[in-house]
Amino acid sequence: MTDTVFFIEEKIINSVKKLLSGRVNELLGETEYPIPPIEFGSYRGGSVVVPVISLSICERSEKERIIRVEAYTLTIAFAVPEHPAGERNCYAYASMVATALKENPTLGGVVDRGELTGKKYVPPKQGGTGGEWKVILTLRITAENPPPCGFSA
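Since the model is a prediction, treat every value here as computed from it, not as a measurement.

> How do you make sense of the sheet that holds strand β2 (residues 52–57) when you look at a structure like this?
Adjacent strands of a sheet pair through backbone hydrogen bonds, lying either parallel or antiparallel. Sheet architecture is open: four strands sit in the order β2-β3-β5-β4, paired in antiparallel fashion. Edge positions in the sheet fall to β2 and β4 (113–122), since each has one partner strand and no second. For this sheet, the mean inter-axis angle between neighbouring strands, taken without regard to orientation, is 20°. Sheet topology note: the β4/strand β5 (residues 132–144) ladder contains nine bridges and is antiparallel. Bridging across to β5, Gly-118 finds its partner in Thr-138. Its contacts with the sheet place helix α1 (residues 8–29) against β2, β3 (69–81) and β5, and it is angled at close to 40° to β3. Its contacts with the sheet put helix α3 (residues 86–103) on β3, β4 and β5, and the angle it makes with β5 is roughly 10°.

> Just checking my understanding: could you explain the pattern of salt bridges for this structure?
Opposite charge on two side chains allows them to pair when their charged atoms are near. All chains considered together, the criterion is met by two salt bridges. Measuring nitrogen to oxygen at the nearest pair gives 3.0 Å for the salt bridge that ties Arg-23 to Glu-26. On the criterion of helical spacing, the pair formed by Arg-23 and Glu-26 is a turn pair, its members being three residues apart in helix α1. By relative accessible area, Arg-23 is classed as partly exposed at 26%. Several salt bridges share partner residues, and in doing so they unite Arg-23, Glu-26 and Glu-103 into one network.

> Help me understand the packing of α1 against α3 in this model?
Geometry of a packed helix pair, given as the angle between the helix axes and the separation of the axes. Contact pair α1 / α3: the axes reach a minimum separation of 9 Å and the direction vectors enclose 115°. Taken together, α1 and α3 sit at an angle that is classed as roughly perpendicular. The handedness of the crossing between α1 and α3 is right-handed. Where α1 abuts α3, its residues Leu-19, Leu-20, Arg-23, Val-24, Leu-27 and Leu-28 lie against Ala-92, Tyr-93, Met-96, Val-97, Thr-99, Ala-100, Leu-101 and Glu-103.

Cut-offs used in this document
- Residues numbered from 1 in each chain as written.
- Predicted model: local features only at pLDDT ≥ 70, side-chain atom pairs only at ≥ 80, totals over all residues.
- Heavy atoms only, no water.
- Pairing = 2+ DSSP bridges.
- Helix = DSSP H or I, 4+ residues; strand = E, 2+ residues; numbered from the N terminus.
- Axes fitted to C-alpha atoms, helices over the stretch in contact; angles between N-to-C directions.
- Contact = heavy atoms within 4.5 Å.
- Salt bridge = Lys/Arg side-chain N within 4 Å of Asp/Glu carboxyl O.
- Buried < 20%, exposed > 50% of the residue type's maximum accessible area, 1.4 Å probe, protein only.
- Parallel < 35°, antiparallel > 145°, perpendicular 65-115°, else oblique.
- Left-handed = near helix turned anticlockwise from the far one by under 90°.

Shown next, in the form of structure tokens:
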């Protein structure tokens, strides 16, 4: 039997996906209004929202360099179809991600800390044309002494 090797970046992205499709969807289900759930895959249409997650290394402070803390910037971008509740749904996604992250800032023990550092709401370029609302969330994630070159699951 071969151990699967994971890099810290994979663990971070998988943990964020689990947070979104798990706890964030639970919180969305508790809202007063119907809000499409978050899914991952090749879905089309307005019945679900498929966020795009991107990860990059970010600048570290001198203290972080000394104690060997890696710092990452993670961006979650939601494209929400234009409809009367589209703008409100953007605010709901941002709020629920913030709540879930406050409840679980270590992403299930994968990182030392994850915190929401930015929210950007982008309306459709031209209203009433079937464009999309976008909400872009930025997280700063730190991991102390991540294993070099990946580790076994």
